[in-house]
Amino acid sequence: MQKIKNIAVIAHVDHGKTTLVDQLLQQSGTYEAHQEVQERAMDSNEIEKERGITILSKNTAITYGDHKINIIDTPGHADFGGEVERVLKMVDGVLLLVDAQEGVMPQTKFVLKKAIGFGLIPVVVINKIDKDGSDPERVLDEVFDLLVALDANEDQLEFPVLYAAARDGYAKWEMEDESKDMVPLFDAIIEKVPYPVGSPENDTQAQVFTLDSDNFVGRIGITRIFNGKVKKGDEYLLVKADGSKTKSRISKLIGFKGLDRIEISEAEAGDIVAIAGFADIDVGDSICDKSNPVALDPMHVEEPTLSVIMSVNNGPLAGQEGKHVTSNKIQERLEKEMETNIAMRMEPMGDASFKVSGRGELQIGILAENMRREGFEFMLARPEVVTKEENGVKMEPFEHLVVDVPEEFQGVAIEKLGKRKANMTLLTPMPDGTIRLEFEIPARGLIGFRNEFLTDTKGEGIMNHSYLEYRAYTGTVVSRTPGALVSMDDGEAVAFSIFNLQARGVMFISPQEKVYSGMVIGESARPGDLDVNPLKGKALTNMRTSGTDDAVKLVTPRKITLESAMEWIEEDELIEITPLSVRIRKKSLDANERKRMARDKKNSK
Ligand SMILES: Nc1nc2c(ncn2[C@@H]2O[C@H](COP(=O)(O)OP(=O)(O)OP(=O)(O)O)[C@@H](O)[C@H]2O)c(=O)[nH]1
Ligand SMILES: [Mg+2]
């Protein structure tokens, strides 16, 4: 039987997980000599590469001495926390990375809490010790305090610690040790992470934690084998969370080696393999022995906290840029997403609209981004938190928020967050002269906050948050203060009118861009919406009046991205998303109807 170690790499966003996995792959000699490998090789999908973040957890395997080490790289962004939760059950140990300067951050808490809950003893890696301003001793204290706060047991409090600079390819047991290579970390994994329990002699029990597909063999389940063996060509039972069972033959068995996948004929307890042959295989399903099927506990991940209504694009420009525009197509796509993405939910709402729920704006935004790249066209409404009722009390999600600000912005940050119902729990002066403020805040209060915060802190503030728990509803909603500049005509925007409108606020559009009546083309400098005309032209000769420029001087418009739009829009607005454009519009395109609704709303207050 092969000696196996199964580990997940967990941390707050950007603390260096994928970079560390690069080094483990390289220094274990897993790559062929001629193999060309990109930086952060595990971040293999397009959006991951573009943004430099991990979105999906992914696994790889390396050989070190006589051991096989299965490694799962996980995302650090709070919105993808569901990915971390589902893999923790599949491993016997975790590498907890903590940035030697930033220290314990919200998502460090979230992932460590989950790992502790599974009884895992973390191998703590204090990473980026090369950074100026790194303070490994302080960070180690923070990790220890966090474990105490999380009720870790004695064994867990005895966690091993290494100091590393993943980017520079070394880890060491003591700060004084020579900075050489990753050998100390490999040794730590071999010595400190327990071997898998379970036996190849038992009846087969395996569980799917990720789905994949292959044009030739169809759906593939990436699976941890807990007991027994799986053999290509043999029959097994697939047991679903609802208890239903289907019998099928394994048509293809795939093992992992570095970034490659290799066909194998057999694998046994303790290992992680990909299995094809079950047409309706899903995340969480158990693959069991035919004669004695004992399913594993279904997977549990935290429920979504944020939802948004997705609907068919019904604006005047609908269908011009997208390939898939119908409600049926959208529904099909969403259903497919929900099969693999166990942290998200989808519910048809009638009227060609769907409620899509997830962990945060980024998670929903990435799904929308993927869809537009696939040729979809649709609209999104303002995100809302998912409330629930417990013993007759309305509850809403709360988040743990950490903001780092230069001292002079401390006041404004505290004041603004106070208005959003945040409760300050900690204030720590940091060695670099900034102030770290920690809050507990209703998730609702965070919607739309990032923009305001960046403006208030002149771009110098850093904010991070992660899900805490559901608590009693706190009332009051904060909304955007500035109104919208709304187009009152259909056509192509004209430079001269944009030039004139610049005095009224920040523009979102450029000349020649298509606009329509009811489309939001900018942010007004004042509260309250303003209907404006971006089509009013003027003879070219008159445009050369000011200064030396040939044309009128236009300020670069604010770029509307999917996520910035989700933060910005109000209840009566929608985001129109197509493969080529992201536009903001009023729900009601008719100016008179909007006036009537605004009046009714005022009267009802
Ligand atoms: N100075 C320094 N930078 C590092 C080190 N390790 C990683 N980085 C940098 O930190 C950034 C983030 O690295 P990633 O490996 O993508 O971090 P991650 O934890 O995988 O990020 P997510 O998956 O998005 O949560 C990159 O710019 C790395 O080059 C290190 O040891 N020292
Ligand atoms: Mg990563």
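Residues numbered from 1 in each chain as written. Chains lettered and ligands numbered in written order. Predicted model: local features only at pLDDT ≥ 70, side-chain atom pairs only at ≥ 80, totals over all residues. Heavy atoms only, no water.

Novice: Looking at this structure, how should I read the overall build of the chain?
Specialist: Counting its secondary structure elements, the chain contains 15 helices and 35 strands. Taken over the C-alpha trace, the chain has a radius of gyration of 27 Å; the compact-globule value for 605 residues is 25 Å, and the two agree within 12%. Projected onto its principal axes, the C-alpha coordinates of the chain cover approximately 85 × 60 × 55 Å. A fraction of 71% describes how many contacts in the chain between residues 6 or more apart in sequence connect residues 24 or more apart. (Helix = DSSP H or I, 4+ residues; strand = E, 2+ residues; numbered from the N terminus. Rg over C-alpha atoms; globule rule 2.2 N^0.38 Å. Contact = heavy atoms within 4.5 Å.)

Novice: What am I meant to see in the coordination of the magnesium ion (ligand 2) here?
Specialist: Angles between donor atoms at a metal ideally measure 109.5 degrees for a four-coordinate tetrahedral arrangement and either 90 or 180 degrees for a six-coordinate octahedral one. Donor atoms from the polypeptide that coordinate the magnesium ion (ligand 2) comprise T18 (OG1) and T54 (OG1), at 2.0 Å from the metal. Of this pair, T18 sits in helix α1 (residues 17-27) while T54 sits in the loop between α2 (46-51) and β2 (58-64), and the two are 36 residues apart along the sequence. A single burial state applies to T18 and to T54, both of which are buried. (Donors = N, O, S within 2.8 Å, 3.2 Å for Na, K, Ca; no water. Buried < 20%, exposed > 50% of the residue type's maximum accessible area, 1.4 Å probe, protein only.)

Novice: I would appreciate a short explanation of the site of ligand 1 in the present structure.
Specialist: Around ligand 1 there are 19 residues in total, and K17, T18, T19, T54 and D130 lie nearest to it. At a separation of 3.3 Å, an oxygen atom of ligand 1 approaches a polar backbone atom of H15. Within the contact set of ligand 1, an oxygen atom lies 2.7 Å away from a side-chain nitrogen or oxygen of K17. Bound to the protein, ligand 1 loses 88% of the 660 Å² it would expose on its own. The biggest single contributor to the shell around ligand 1 is α1, with three residues. The class makeup of the residues in the shell around ligand 1 is four nonpolar, eight polar and seven charged. (Near = heavy atom within 4 Å. Polar contact = N/O pair within 3.5 Å; in protein donor to acceptor, adjacent residues only side chain to side chain. Areas by Shrake-Rupley, 256 points an atom, 1.4 Å probe, with all protein chains shown as cover. Nonpolar A, V, L, I, M, F, W, Y, C, P; charged D, E, K, R; others polar.)

Novice: I would appreciate a short explanation of the side chain of T578 in the present structure.
Specialist: By secondary structure assignment, the location of T578 is in the loop between β34 (573-577) and β35 (582-586). With a relative accessible area of 1%, T578 lands in the buried category. Among the polar contacts made by the side chain of T578, one reaches the side chain of E321 at a distance of 2.4 Å. In contact with T578, not counting residues within four places along its chain, are N313, E321, R372, F376, E377 and R583.

Novice: I'm lost on the side chain of D285 in this one. Help?
Specialist: Structurally, D285 is set in the loop between β16 (272-276) and β17 (286-288). On the accessibility criterion, D285 (3% relative accessible area) is buried. Side-chain polar atoms of D285 contact the backbone nitrogen of D282, separated by 2.8 Å. When residues no more than four places from it in sequence are discounted, the contact partners of D285 are A206, Q207, V208, L238, V239, K240, A241 and D280.

Novice: Looking at this structure, how should I read the environment of S179?
Specialist: With respect to the secondary-structure elements, S179 resides in the loop between β7 (170-172) and α7 (183-192). For S179, a relative accessible area of 37% puts it in the partly exposed group. In contact with S179, not counting residues within four places along its chain, are Y170 and K172. Among the polar contacts made by the side chain of S179, one reaches the side chain of K172 at a distance of 2.9 Å.

Novice: Help me understand helix α10 (residues 410-419) in this model?
Specialist: One turn of an α-helix holds 3.6 residues; hence residues three or four places apart share an orientation. Among the residues making up α10, those that are buried are Q410, A413 and L417. End-on, the buried residues of α10 take up no more than an arc of 65°, which puts them together on one face. Structurally, α10 contributes buried residues whose contacts are with β24 (393-406), β25 (423-429), β26 (434-442) and α12 (449-456). K421, located one to two residues past α10, shows a positive phi value of around 70°. (Arc of directions from axis to C-beta.)

Novice: What should I look at first to understand helix α4 (residues 106-117) in this one?
Specialist: Helix length check: α4 (twelve residues) gives 17 Å between terminal C-alpha atoms against 16 Å at 1.5 Å per residue, within 8%. Summarising burial for α4: nine of the twelve residues are buried, a large majority. Residues of α4 that are buried include every one of P106, Q107, T108, F110, V111, L112, K114, A115 and I116, and no others. Looking one or two places after α4, you find G119, whose phi comes out positive at around 80°. (Expected span 1.5 Å × (residues − 1).)

Novice: Got a minute to help me understand the confidence of the model for the chain in this structure?
Specialist: Atom-level detail of predicted coordinates should not be read off regions where pLDDT is low. Per-chain confidence: the chain averages 92 in pLDDT, with 97% of residues scoring 70 or above. This stretch, residues 544-549, has a pLDDT under 50; its non-local contacts, to residues over four places away or in other chains, come to one contact. (pLDDT = per-residue confidence, 0-100.)

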